[in-house]
Amino acid sequence: MAFVKNAEHQAPVLFPGGWYVAAEKTPSPFFNQRPAAADIRLLVIHNISLPAGCFGLPYIRQLFLGCLDVNADPSFADLAGLEVSAHFLIDRQGRICQFVATGQRAWHAGVSSFAGVDNCNDYSIGIELEGADDTPFTDAQYQALAQLSRDLMNCYGIDAGHIVGHSDIAPGRKTDPGPCFDWPRYRRSLES
């Protein structure tokens, strides 16, 4: 599958400097430059909760900002020293927080491949939903995700076929956004 170049797309008023005007700006230290040849051409949908299955707590933000107290919960022990980020997080109320400018490479995909091209972080935007594989997402999250996705698609020329789950680009290693994510509902919302 060949990727369509999107060099003619510029960051319009919705993404000045790569920061979404509808998001809370909370810069993470965990990012770097995309390869010079990399075009943004993929959206990756994730889910995250810390501790697993618990919502409304400050730990996801702390993880992405590098200030998580790994002693706050026994399940955090494996997160010590982890440097990870996403471009966006949508909480259960539909609030959007942005950690990395869209033109920069966030560290969300890990070992990954899409359409035969490895290192999805190089050319993707990562969107985390506060949630878990076995918990339905909220209406507010679907609404915020649809608007953000449409704005990113319009800005960067990403087509709907280039929107995937983390499980699609890291099969066998990742399961998110999980079976409770309503792909048909989300795909319909992109057409509105």
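Refer to the structure above for everything that follows.
Engineer: Any chance you could explain the overall build of the chain here in plain terms?
Structural biologist: Counting its secondary structure elements, the chain contains 4 helices and 10 strands. In the chain, the succession of α and β elements from N to C terminus is β-β-β-α-β-β-β-β-β-β-α-β-α-α. Relative to its length of 192 residues, the chain is compact, with a C-alpha radius of gyration of 16 Å against a globular reference of 16 Å. Seen through its principal axes, the chain has C-alpha atoms that stretch 45 × 35 × 35 Å. Out of the 192 residues in the chain, the part that is buried amounts to 52%. Within the chain, contacts between residues at least 6 apart in sequence are counted, and of these 72% link residues at least 24 apart. Counting every atom, the chain has about 8,800 Å² of accessible surface; 54% of that belongs to carbon and sulfur.

Engineer: Explanation requested: the sheet that holds strand β3 (residues 42–48) in the structure shown.
Structural biologist: Adjacent strands of a sheet form backbone hydrogen bonds with each other and so pair up, either parallel or antiparallel. Taken in spatial order, the 6 strands make up an open sheet running β1-β5-β4-β9-β3-β10, and their pairing is mixed. Both edges of this open sheet fall to β1 (24–25) and β10 (163–165), since each of them pairs with a single strand only. With 7 bridges joining them, β3 and strand β9 (residues 124–130) adopt parallel strand pairing. The residue bridging His-46 from the neighbouring strand is Glu-128, located in β9.

Engineer: What is the right way to look at the environment of Val-21 in this model?
Structural biologist: Checked against the element boundaries, Val-21 lands in the segment before β1. Taking C-alpha positions, Val-21 is 14 Å from Arg-150, a pair spaced 129 residues apart along the chain. Leaving out residues up to four positions away in the same chain, Val-21 has contacts with Val-13, Leu-14 and Pro-16.

Engineer: Quick question: what am I supposed to make of the pattern of salt bridges here?
Structural biologist: One side chain can pair with another of opposite charge once the charged atoms of both are near each other. Summed over all chains, the structure comprises 4 salt bridges. A salt bridge links Asp-122 to Arg-105; the nearest nitrogen and oxygen atoms lie 2.3 Å apart. In this pair, Asp-122 is assigned in the loop between β8 (117–118) and β9 and Arg-105 in strand β6 (residues 104–106), connecting sequence segments 17 residues apart. Across the pair, Arg-105 and Asp-122 agree in class, each one buried.

Engineer: I tried to follow helix α2 (residues 139–156) on my own but got confused; where do I start?
Structural biologist: What sets the pattern is the α-helix's 3.6 residues per turn: residues three or four places apart point alike. A rise of 1.5 Å per residue sets the reference length of α2, with its 18 residues, at 26 Å; its end C-alpha atoms lie 26 Å apart and thus fit the reference within 8%. For α2, a buried count of 13 out of 18 residues is recorded, marking the element as mostly surrounded by other parts of the structure. Backbone geometry just after α2 places Gly-157 at a positive phi near 70°.

Engineer: I keep staring at the pairing of β9 and nothing clicks. Help me out?
Structural biologist: Across a regular strand the side chains alternate sides, sitting on one face of the sheet and then on the other. For β9, the buried fraction is high: 7 of the 7 residues fall into the buried class. Here β9 shows no split at all, with Ser-124, Gly-126, Glu-128 and Glu-130 on one side and Ile-125, Ile-127 and Leu-129 on the other all buried. Here strand β4 (residues 88–90) runs beside β9; their pairing, made up of 3 bridges, is parallel. Residue pairing across strands places Ile-90 opposite Leu-129, the latter belonging to β9.

Engineer: Where do I start with the packing of aromatic side chains in this structure?
Structural biologist: One pair of aromatic rings is described through two measures. These are the centre distance and the angle between the planes. Summed over all chains, the structure comprises 12 aromatic pairs. Aromatic pair Trp-183 and Tyr-186: ring centres 5.9 Å apart, planes at 70°, arrangement edge-to-face. Placement of the pair is Trp-183 and Tyr-186 together in helix α4 (residues 183–189), with a separation of 3 residues, close to one helical turn. On the accessibility criterion, Trp-183 (21% relative accessible area) is partly exposed.

Conventions and cut-offs
- Residues numbered from 1 in each chain as written.
- Predicted model: local features only at pLDDT ≥ 70, side-chain atom pairs only at ≥ 80, totals over all residues.
- Heavy atoms only, no water.
- Helix = DSSP H or I, 4+ residues; strand = E, 2+ residues; numbered from the N terminus.
- Rg over C-alpha atoms; globule rule 2.2 N^0.38 Å.
- Buried < 20%, exposed > 50% of the residue type's maximum accessible area, 1.4 Å probe, protein only.
- Contact = heavy atoms within 4.5 Å.
- Areas by Shrake-Rupley, 256 points an atom, 1.4 Å probe, with all protein chains shown as cover.
- Pairing = 2+ DSSP bridges.
- Salt bridge = Lys/Arg side-chain N within 4 Å of Asp/Glu carboxyl O.
- Expected span 1.5 Å × (residues − 1).
- Phe/Tyr/Trp six-rings, centres within 6.5 Å; stacked < 30°, edge-to-face > 60°.

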